[in-house]
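Single-letter residue listing:
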2 protein chains.
Amino acid sequence: MRQASVEQALASWVPPEAPAELGTAMRYAVLDGGKRLRPLLVLATSEALDGLEPAALRAACAVELIHAYSLVHDDMPCMDNDVLRRGKPTVHVRFGQAQALLAGDALQALAFELLTPDDGSMPPAMAARLCRLLARAAGAHGMAGGQAIDLASVGLSLDQPALEGMHRLKTGALLQASVMMGAATADADAHQASCLADFGASIGLAFQVVDDILDVTADSQTLGKTAGKDAAADKPTFVSLMGLAAAQAYADEVLDRAHAALDRSGLSQTGYLRGLADWVGRRSH
Amino acid sequence: MRQASVEQALASWVPPEAPAELGTAMRYAVLDGGKRLRPLLVLATSEALDGLEPAALRAACAVELIHAYSLVHDDMPCMDNDVLRRGKPTVHVRFGQAQALLAGDALQALAFELLTPDDGSMPPAMAARLCRLLARAAGAHGMAGGQAIDLASVGLSLDQPALEGMHRLKTGALLQASVMMGAATADADAHQASCLADFGASIGLAFQVVDDILDVTADSQTLGKTAGKDAAADKPTFVSLMGLAAAQAYADEVLDRAHAALDRSGLSQTGYLRGLADWVGRRSH
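By the naming in an unreviewed UniProt entry, chain A goes by Polyprenyl synthetase family protein and is assigned to Hydrogenophaga bisanensis.

Caption draft 1: Local environment of the pattern of salt bridges. The full count for this structure, using the stated rule, is 30 salt bridges over all chains. A:Arg58 serves as the salt-bridge partner of A:Asp119, at 3.8 Å between the closest nitrogen and oxygen. In this pair, A:Asp119 is assigned in the loop between α6 (97-114) and α7 (124-138) and A:Arg58 in helix α4 (residues 53-74), connecting sequence segments 61 residues apart. According to the relative accessible area criterion, A:Asp119 is exposed, its value standing at 52%. In this structure, the salt-bridge partner of B:Arg274 is B:Asp263, at a minimum N-O distance of 2.7 Å. Linking B:Arg274 in helix α15 (residues 271-282) with B:Asp263 in helix α14 (residues 244-265), this pair joins segments that are eleven residues apart in sequence.

Caption draft 2: Spotlight on the interface of chain A and chain B. In this complex, chain A contributes 46 residues to the contact, which on the side of chain B involves 46 residues. Between chain A and chain B, a total of about 3,600 Å² is buried, with carbon and sulfur atoms accounting for 72% of that surface. Between chain A and chain B we count 14 residue pairs in polar contact (both at pLDDT 80 or more) in total. Per-element accounting of the side of chain A that touches chain B gives the leading share, eleven residues, to α6(A). The residue inventory of the side of chain A that touches chain B, partitioned by class, reads 31 nonpolar, nine polar and six charged.

Caption draft 3: Representation of the side chain of B:Asp74 within the structure. All names here are of chain B. One can find Asp74 in helix α4 (residues 53-74). Polar side-chain contacts of Asp74 include one of 3.3 Å to the side chain of Gln147. Ignoring anything within four residues of it in the chain, the contact list for Asp74 reads Met79, Asp80, Asn81 and Gln147.

Caption draft 4: Representation of the relation of the copies chain A and chain B within the structure. For these two chains of identical sequence, chain A goes onto chain B by a turn of 180 degrees and a shift of 0.0 Å along the axis, with RMSD 0.0 Å. Each copy turns onto its partner about a two-fold axis. The residues that chain A uses at the interface reappear at the interface of chain B in 100% of cases, marking a shared surface.

Caption draft 5: Focus on the packing of aromatic side chains. Taken as a whole and judged by the stated rule, the model has five aromatic pairs over all chains. An angle of 40 degrees between the planes, with centres 6.1 Å apart, marks the rings of A:Phe238 and A:Tyr250 as tilted. One end of the pair, A:Phe238, is in helix α13 (residues 238-242); the other, A:Tyr250, is in helix α14 (residues 244-265), with twelve residues separating them in the sequence. The same class applies to A:Phe238 and to A:Tyr250, which are both buried. For the pair B:Tyr28 and B:Phe95, a centre-to-centre distance of 5.2 Å together with 75 degrees between the ring planes defines the contact as edge-to-face. Of this pair, B:Tyr28 sits in helix α2 (residues 22-30) while B:Phe95 sits in helix α5 (residues 91-95), and the two are 67 residues apart along the sequence. Across the ring face of A:Phe207, the terminal group of A:Arg38 is positioned such that the distance to the ring centre comes to 5.6 Å. The lysine or arginine in question, B:Arg94, covers the ring of B:Phe95, its NZ or CZ lying 4.6 Å from the ring centre.

Caption draft 6: Structural detail: the state of the cysteines. Scanning the entire structure with this criterion turns up zero disulfides over all chains. Counting only cysteine sulfurs, A:Cys131 is the nearest neighbor of B:Cys131, a cysteine outside any disulfide, at a range of 4.0 Å. When its relative accessible area of 0% is taken as the criterion, B:Cys131 is described as buried.

Caption draft 7: Highlighting the environment of A:Ala25. Residues and elements named next belong to chain A. Note that Ala25 resides in helix α2 (residues 22-30). Separated by 17 residues in sequence, Ala25 and Val42 place their C-alpha atoms 25 Å apart. Aside from chain neighbours lying at most four places away, what touches Ala25 is Phe95, Gln99 and Ala103.

Caption draft 8: How the structure looks around the nonpolar core. Ranked by internal contacts, the top residues of the largest apolar core, which has 128 residues, are A:Leu22, A:Leu134, B:Leu22 and B:Leu134. Ranked by size, the runner-up nonpolar core spans 41 residues in total, among them A:Ile213, A:Leu214, A:Tyr250 and A:Leu255.

Caption draft 9: How the structure looks around the packing of helix α10 (residues 190-217) of chain A against helix α15 (residues 271-282) of chain A. Residues and elements named next belong to chain A. Contact pair α10 / α15: the axes reach a minimum separation of 8 Å and the direction vectors enclose 25 degrees. Taken together, the axes of α10 and α15 are roughly parallel relative to one another. Packed against α10, whose contacting residues are Leu196, Phe199, Ile203, Ala206, Phe207 and Val210, the element α15 presents Leu273, Ala277, Val280 and Gly281 at the interface.

So, how was this worked out
Residues numbered from 1 in each chain as written. Chains lettered and ligands numbered in written order. Predicted model: local features only at pLDDT ≥ 70, side-chain atom pairs only at ≥ 80, totals over all residues. Heavy atoms only, no water. Salt bridge = Lys/Arg side-chain N within 4 Å of Asp/Glu carboxyl O. Helix = DSSP H or I, 4+ residues; strand = E, 2+ residues; numbered from the N terminus. Buried < 20%, exposed > 50% of the residue type's maximum accessible area, 1.4 Å probe, protein only. Contact = heavy atoms within 4.5 Å. Buried area = accessible area lost by both parts, 1.4 Å probe. Polar contact = N/O pair within 3.5 Å; in protein donor to acceptor, adjacent residues only side chain to side chain. Nonpolar A, V, L, I, M, F, W, Y, C, P; charged D, E, K, R; others polar. Least-squares fit on C-alpha atoms with pLDDT ≥ 70 in both. Phe/Tyr/Trp six-rings, centres within 6.5 Å; stacked < 30°, edge-to-face > 60°. Lys NZ or Arg CZ within 6 Å of the ring centre and 35° of its normal. Disulfide = S-S within 2.5 Å. Core = buried A, V, L, I, M, F, W, Y, C linked by side-chain atoms within 4.5 Å. Axes fitted to C-alpha atoms, helices over the stretch in contact; angles between N-to-C directions. Parallel < 35°, antiparallel > 145°, perpendicular 65-115°, else oblique.

Structure representation (structure tokens):
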């Protein structure tokens, strides 16, 4: 039901009428695909804290738009040069590189527009805080910075702290921000916010460790994207660093940390959040 | 002095320490170049309304970051494929396409981070309103949408309303937003805001008409970018549509509209704003 509300909201907010097929490319990039992990983390965290529902839905969609734009740009020939995403041709394959570039750019702008409605549905202080959390997580000290490190790391042998540092920015920052944006739609106290930040950080790390495992154990059809591409691109991964068995044990360890952080938070309605963590740590695609 | 404060603020806010040379690429794209027209429009409008200075400086820099990122992406091979900008090699020529893509993405995120400080220097309602104005102007119904139309228009013969519609989004939206963001740092009344929106729209149109004129009358060295490229790319322009003399007369007419809008606003301290309008309508580079 939460996922359906996200799909419906995205379908209503990503503009079909944007000019010159730009809206079509944006909708292609965002709709009818993806696990919606980040939106579900926003909504679950907001629910656990009894947060403001319309604000949480906007935050959920905003973070997904940032994620979607990053995939569009990441798939482009000058980056990962990938042709398959969520089982479909990537945006630049379907619409051309220029349109893919613009669609990604417009999706990022739309994320911040969603967070700042002028219909009174969100208190301005909450809107400003959500924008700040998202901008920090998306930018040079978050996702974009992590991607820059990733590009610069091809062919290098990173040690574990360096690998974790890269992923903390590249994928971790946005996953952690999802949790913190959920908390920002409610009145989390400092202790709860700190525990949720730890939870989000562990989810982010677990996600990447499992991603690296799946890159070598799953096939492209199951993943909906090209399998084995990290190894083919000579990118450092948790599997290449520690071996498959140790990486699997590490994923379990990080998942335990996420559980422990939730326990410490003292929040009672964390069942759904816990379930999301379990999915991240044990998923098969 | 206003320009110096913008340069200084940009130099302090665009992060040199961003990882893997990303900060270097971002600073290369933003610092030590550009006419800073958009920041000056923000500051001049804010001053005319006795707005909040620290907020105006943040808004001025945020809109310049959006402008700078759009140039970085626009210059890439899949878009305009330009190698010269502000008299220097473009970002992708200097740092590679992947880094240029990421630097642009990170600059857009940084714009929204600048607008949402957590140091109490901006009232949250003002921050949220500034984010909304900037996001709308940058996105699918603003700059990015205009660029999509531009790409789709190569080789087509647009009539004047279609050409103006494209430019209203592609360059006009951000120039108009600069004026409206300046107004949002103050308590403009509805009449003033409406006159300033008209002023911003006229500035935006005048800017583009003059840009088209300069593309055929100036050389690359004066412009700091490749001259004659619109004609070479078979793009519709005001000059190709109406001829050079009529385009020059039209620029004067639009500049008169900008003056009239300022007069109607009833604001007294509009001398600097008027000067900016004159520069836009009569500039030689």
